[in-house]
Amino acid sequence: MTEATVHHRICPLCEACCGLEIKVADNKVIAIRGHDEDVFSAGYICPKGVALKDLHEDPDRLRTPLVKRDGQFVEATWDEAFAEIERRLPPLIAAHGRDAVAMTLGNPAAHKFGLLLYGPQLMKALGTKNIFSASTLDQMPKHVSCGFMFGNMLSIPVPDIVRSDYLLMLGANPMASNGSLWTVPDFRGKAKALRARGGKLVVIDPRRTETAALADEHHFIRPGADVFLLLGMVHTLFDEGLVRLGRLGPFVAGVDAVQSAVQAFSPETVAKRCGIAAADIRRLARDLAGAQRAAVYGRIGTCTQEYGTLASWLVDVLNVLTGRLDEPGGAMFPKAAAFAANTAGTPGSGRGVATGRHKSRVSGAPEVFGELPMTCLAEEIETPGAGQVRALITVASNPVLSSPNGPRLAAALDQLDFMVSMDIYVNETSRHANVILPAPSPLEDVHYDIAFPQMSWRNHARFSDAVFALPEGQLPEWVTLLKLAAIVRGQGAQADAVQIDDEHFAREAGKHFGEHAARAIEATSHLKGPRRMLDMALRIGPHGDQFGRKPEGLNLAKVQAAQGGIDLGELTPRVPEMLRTPSGKIELAPATFLADLSRPARDLANAAPPMVIIGRRDVRSNNSWMHNLPLLAKGPERCTALVHPDDAKRLGLRDGAMAHISNANGRIEARVQVSADMMPGVVSLPHGWGHNLPGARLSVAAERPGANLNDLLDEDRRDPLSGNAVLGGVAVELLPA
Ligand SMILES: Nc1nc2c(c(=O)[nH]1)N[C@H]1C(S)=C(S)[C@@H](COP(=O)(O)OP(=O)(O)OC[C@H]3O[C@@H](n4cnc5c(=O)[nH]c(N)nc54)[C@H](O)[C@@H]3O)O[C@H]1N2
Ligand SMILES: Nc1nc2c(c(=O)[nH]1)N[C@H]1C(S)=C(S)[C@@H](COP(=O)(O)OP(=O)(O)OC[C@H]3O[C@@H](n4cnc5c(=O)[nH]c(N)nc54)[C@H](O)[C@@H]3O)O[C@H]1N2
Ligand code: SF4
Ligand SMILES: [Mo]
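Not measured: the values here are computed from a predicted model.

(A) Main features of the sheet that holds strand S10 (residues 200–204). In spatial order, the strands read S11-S10-S9-S13; together these four strands make up an open sheet with parallel pairing. In this open sheet, the two strands that pair with only one neighbour each are strand S11 (217–219) and strand S13 (294–298). Averaged over all neighbouring strand pairs, the angle between strand axes comes to 10°, with direction disregarded. As defined by bridge partners, strand S9 (residues 166–170) adjoins S10 across five bridges and the pair is classed as parallel. Counterpart to Met169 in the pairing with S10 is Val203. Along the sheet, helix H9 (residues 226–239) contacts S9 and S10; its crossing angle with S9, the most-contacted strand, is approximately 145°. Contacting S9, S10, S11 and S13, helix H12 (residues 278–290) crosses the sheet at an angle of about 140° to S11.

Here's what the structure looks like:
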């Protein structure tokens, strides 16, 4: 054995972005642990990080392109695969127009440097309205609420947990998820420190989660009813004279409008609907207002519901009205070293955001953040007429499992004239493709987080070099995207991606530097592709060297040389500089949000269905695609249905026995786990399972396929303001199998 070498790599698997230390010998991974010297994650790691070895070595992971011939996938060279795409895709666009091609972008795209930076180039080349992403299965409500309030859809405040004394958390379980729209490795450590200094953690969740177990206080809430609790709390702040805008006072518009809008939602009026007593709602509001430093944070449980945008908005209304926004220990805006929209342009105001610039063809769902709801994809493929989707490019997405009513989508995919998947597996979605283009393993790829430093608990800049060289013949994903863009533009499969990239970079540099572009191009000429984009972004960013004008500032060479990254300090107040609203103020009362309050007003008296289903995450799983890694797949069965003992008794369900879970949309079977941690009337099942579909090649996952929660969800239920799918609070029946 040759002597081991040690490499440092940011884990690309979840939003915590932990720094890993990877030991390699004889071209093999021999150990993965947390990197203690990482300035941001300080050695924290979870089992998925260790499983990067399994991912790297997974025999089912694709190493060559596949092309379907006579219904069977055969291995192909890259040239053959691109030739097949060139033969079939451009004629389809010529005959049926740009909107005939749809594109889906999945969750891993947010964690891949090359995909995030170069995906937009393929989208631009396609010029289609039919762009769909995991954001409308996840977080679009938060983008919309923050977009309208702060002027940019990526200006999402995060709890400054290390200085906070009170954290109110709704619909999030960072003990399992490791945080989301909040990059916070070692949440447990930070939550324990908060409590150790006398602070309080309060969790609102229909399940007493691992995070709730750590908390000082936990309240069950009826799934989908956060809007009522939050309205009741805002009402209380006004009612009891607890509103304190503090330093932000001059920058807040719409306080009176919010006050009148919440009049109909006193705690006494909303208590029954959300399942939390009026006295508790009032006390929660008082505790929040009275704590020294406090923050409110809501995540996927508050987004993936009918009132997702309203709930996401009200979370920050509470932060603003109690003077917590932009204050140390409150909800703050990170200042990313590169690529942050809220550090570009004129400080203090901007164009703001708009939605509905176009609509989906069949349901008329408004465009949001440049995309249409993922749950509209199936109908766009099925419904004939001008603009019908006839071809699809999936990029790191598995909507057959991850999107409501997967069976309908799977059937729709079979109607397509042509489909390309950029994916690492033949799985539930890519099995439908005509061509699959694989990606390098994360360990063969360089990495810089583009999105997550904009939501991080502390400012930092970290770059990872590849641990292993790119295997002979494998293309980095940015090159694949540029090749596809070239094919779509009619430049042909033989087009030189590097030359296209040079031209693109020259245009970008021209946009940023005008007459000084030549200097920027010269200064970065030793770099290619995403690295060059990153160098430019770091240098013109808020901490950058400004191409020499601030010699002490950052550039890629400095970030790359810093073992464990560069710490850029604690979060600092950024209002009004980060605002990009046309008014230059925080818009507390966007008109569309106030108008949407008519829906919860009508819904106030609705009774709970006897049984509703919600989702769950497990630390050894990640959405739909990590169930093929032996290290994560072993151990107890994870796709189980948690049911309260009273419900189990009433329904004749036994712990460990199978149950049918059904509704008008479908029927699945899952093993029951009786658990007093559930709210009565609520069953919890994880998503991303159901690996028993024919044609997928996931040998480990297929051994314990689990059931697909999304078979029970209704693709027509969305939050109208964001287009986000409703993933919880859906009525089901349970029967012993
Ligand atoms: N019921 C219910 N449904 C949910 C959720 C829920 O809570 N409940 N959560 C939703 C959320 S938050 C999300 S984000 C979505 C996620 O859903 P998707 O966006 O579909 O993402 P994944 O399920 O993670 O699937 C990722 C795909 O990317 C592929 N892949 C992995 N690594 C790479 C790579 O490096 N390159 C390429 N090209 N491909 C790669 C995998 O093989 C897989 O096909 O699911 C949503 N679905
Ligand atoms: N291990 C692991 N980590 C992950 C993922 C994974 O699949 N596995 N997925 C990643 C992705 S893509 C995302 S988006 C993040 C999500 O990160 P989180 O938002 O932390 O996601 P969950 O762990 O699903 O926590 C959501 C909680 O909301 C609760 N809930 C459900 N309905 C409601 C409701 O109506 N109201 C309230 N208040 N609570 C409700 C659920 O019981 C659950 O405890 O996690 C990321 N990290
Ligand atoms: S928490 Fe786990 S999966 Fe997430 S970044 Fe850290 S090691 Fe990777
Ligand atoms: Mo997500």
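(B) Here's a closer look at helix H17 (residues 406–413). Within H17, burial applies to Gly406, Leu409, Ala410, Ala412 and Leu413. Seen end-on, H17 carries its buried residues on one side only, within an arc spanning 160°.

(C) Structural detail: the pattern of salt bridges. Summed over the entire model, instances satisfying the criterion amount to 49 salt bridges. A salt bridge links Arg33 to Asp36; the nearest nitrogen and oxygen atoms lie 3.4 Å apart. Arg33 gets classed as partly exposed once you look at its relative accessible area, which sits at 42%. On the basis of relative accessible area, Asp36 is assigned to the partly exposed category, the value being 43%. The closest approach of N and O atoms between Arg408 and Glu382, which form a salt bridge, is 2.7 Å. Of this pair, Arg408 sits in helix H17 while Glu382 sits in helix H15 (residues 377–382), and the two are 26 residues apart along the sequence. Salt bridges sharing common partners tie together Lys200, Glu217, Asp280, Arg283 and Asp287.

(D) Expanded view of the site of ligand 1. Near ligand 1 you find 29 residues, and of these Lys112, Ser402, Asp423, Asn427 and Ser624 are the closest. Here an oxygen atom of ligand 1 sits 3.3 Å away from a polar atom, N or O, in the main chain of Ala396. Within the side chain of Asp423, an N or O atom sits 2.6 Å from an oxygen atom of ligand 1. The fraction of the free accessible surface of ligand 1 (910 Å²) that becomes covered by protein chains is 97%. A per-class count over the shell around ligand 1 returns 14 nonpolar, ten polar and five charged.

(E) Here's a closer look at the packing of H9 against helix H14 (residues 308–321). Across the interface, H9 lies against H14 with an axial gap of 9 Å and an inter-helix angle of 25°. Judged by the inter-axis angle, H9 sits roughly parallel to H14. For the pair H9 and H14, the sense of crossing is left-handed. Within the contact between the two elements, H9 uses Asp226, Val227, Leu230, Leu231, Met233, Val234, Leu237 and Phe238 and H14 uses Leu310, Ala311, Leu314, Val315, Val317, Leu318 and Leu321. Class assignment of the residues belonging to the contact of H9 with H14 gives a composition of 14 nonpolar, no polar and one charged.

(F) Region of interest: helix H18 (residues 477–489). Its 13 residues place the ends of H18 18 Å apart at the C-alpha level, agreeing with the 18 Å of an ideal helix rising 1.5 Å per residue. Extensive coverage of H18 is indicated by the burial of twelve of its 13 residues. Next to the buried residues of H18 lie helix H3 (78–96), helix H4 (113–126), strand S16 (418–422), strand S17 (435–437), helix H19 (497–513) and helix H21 (529–540). The first or second residue beyond H18 is Gly490, which carries a positive phi of 85°.

(G) Focus on the confidence of the model for the protein. Averaged over every residue, the pLDDT of the protein is 97; the share at 70 or more is 100%. Ranking the elements of the protein by mean pLDDT puts helix H20 (residues 517–523) last with 87 and S17 first with 99.

(H) View of the domain arrangement of the protein. Per the domain assignment, the segments of the protein are domain 1 (1–50), domain 2 (155–338 + 577–601) and domain 3 (609–736). On the domain 3 side, the residues contacting the 22 residues of domain 2 number 25 residues. Taken together, both faces of the contact between domain 2 and domain 3 bury some 1,800 Å²; the carbon and sulfur share is 62%. One can count three salt bridges joining domain 2 with domain 3. In this structure, the salt-bridge partner of Arg208 is Asp677, at a minimum N-O distance of 3.1 Å. Here domain 2 and domain 3 share six residue pairs in polar contact (both at pLDDT 80 or more) between them. For the side of domain 2 that touches domain 3, the secondary-structure elements that each account for two or more residues are helix H6 (174–177), helix H13 (300–303), H14 and helix H23 (591–596). When the residues that make up the side of domain 2 that touches domain 3 are grouped by side-chain class, the tally is nine nonpolar, seven polar and six charged.

So, how was this worked out
Residues numbered from 1 in each chain as written. Chains lettered and ligands numbered in written order. Predicted model: local features only at pLDDT ≥ 70, side-chain atom pairs only at ≥ 80, totals over all residues. Heavy atoms only, no water. Pairing = 2+ DSSP bridges. Helix = DSSP H or I, 4+ residues; strand = E, 2+ residues; numbered from the N terminus. Axes fitted to C-alpha atoms, helices over the stretch in contact; angles between N-to-C directions. Contact = heavy atoms within 4.5 Å. Buried < 20%, exposed > 50% of the residue type's maximum accessible area, 1.4 Å probe, protein only. Arc of directions from axis to C-beta. Salt bridge = Lys/Arg side-chain N within 4 Å of Asp/Glu carboxyl O. Near = heavy atom within 4 Å. Polar contact = N/O pair within 3.5 Å; in protein donor to acceptor, adjacent residues only side chain to side chain. Areas by Shrake-Rupley, 256 points an atom, 1.4 Å probe, with all protein chains shown as cover. Nonpolar A, V, L, I, M, F, W, Y, C, P; charged D, E, K, R; others polar. Parallel < 35°, antiparallel > 145°, perpendicular 65-115°, else oblique. Left-handed = near helix turned anticlockwise from the far one by under 90°. Expected span 1.5 Å × (residues − 1). pLDDT = per-residue confidence, 0-100. Domains from an automatic or database assignment. Buried area = accessible area lost by both parts, 1.4 Å probe.

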